Amino acid sequence: MDRERLNAQNMQVCFLIQAMCGAVTPNWRSVLMTFDGDEVHLQFILEQESTEDREEIEDVVEEFSIFQEDARPYRLGITNVTVTAEKLQLQQHPSSRLIYRRKESAERSGR
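Conventions we followed
Residues numbered from 1 in each chain as written. Predicted model: local features only at pLDDT ≥ 70, side-chain atom pairs only at ≥ 80, totals over all residues. Heavy atoms only, no water. Pairing = 2+ DSSP bridges. Helix = DSSP H or I, 4+ residues; strand = E, 2+ residues; numbered from the N terminus. Axes fitted to C-alpha atoms, helices over the stretch in contact; angles between N-to-C directions. Contact = heavy atoms within 4.5 Å. Buried < 20%, exposed > 50% of the residue type's maximum accessible area, 1.4 Å probe, protein only. Polar contact = N/O pair within 3.5 Å; in protein donor to acceptor, adjacent residues only side chain to side chain. Left-handed = near helix turned anticlockwise from the far one by under 90°. Nonpolar A, V, L, I, M, F, W, Y, C, P; charged D, E, K, R; others polar.

Student: Can you break down the sheet that holds strand β3 (residues 75-83) residue by residue, with the values?
Tutor: Pairing within the open sheet is mixed, and its 4 strands lie in the order β3-β2-β1-β4. The open sheet has two free edges, formed respectively by β3 and β4 (96-101), since each of these has just one partner strand. When strand polarity is set aside, the average angle formed by the axes of neighbouring strands in this sheet is 15°. As defined by bridge partners, strand β2 (residues 39-46) adjoins β3 across 7 bridges and the pair is classed as parallel. The residue bridging Gln43 from the neighbouring strand is Asn80, located in β3. Packing of helix α1 (residues 3-20) onto the sheet brings it into contact with β1 (28-36), β2 and β4, and relative to β4 it is tilted by some 25°.

Student: Describe the side chain of Ser50, naming the residues involved and giving the relevant values.
Tutor: In this fold, Ser50 is placed in the loop between β2 and α2 (51-68). By relative accessible area, Ser50 is classed as buried at 12%. A distance of 3.3 Å separates a polar atom in the side chain of Ser50 from a polar atom in the side chain of Glu52.

Student: Go over the environment of Lys87, please, and point to the residues and values.
Tutor: Secondary-structure assignment places Lys87 in the loop between β3 and β4. Residues Lys87 and Glu104 lie 17 residues apart in sequence; the distance between their C-alpha atoms is 9.6 Å.

Student: Talk me through the packing of α1 against α2; I want residue IDs and the actual numbers.
Tutor: Close contact between α1 and α2 brings their axes to 8 Å; oriented N to C, the two are set at 140°. Where α1 crosses over α2, the handedness of that crossing is right-handed. Every residue of α2 that contacts α1 at Gln12, Phe15, Leu16, Gln18, Ala19 and Met20 is listed here: Val60, Glu63, Phe64, Phe67 and Gln68. Per-class residue counts for the contact of α1 with α2 are 7 nonpolar, 3 polar and 1 charged.

Written out as structure tokens, the structure reads:
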């Protein structure tokens, strides 16, 4: 990967972290960012269904999308929210970045 593209991806990570400040709750299990061509895809994993957390995620995505106006070469693509209490089996694509993952006990993660 060339240095310019890596810098652009790092900037996207910083934008998402900034958008997430103050929004993460104990119900959030992980957040993953995947780069696909000129798109950035976001995946949020929650432990339990929560209207409040979904609203927080919408706010995070909205704030993150505002940063995209000046963030070439990427634009926001698909955002996915998954709810599961099962052991996390994150399928990390080579172009993915794990942005957040909460610490889970062995009991909680099913190990």
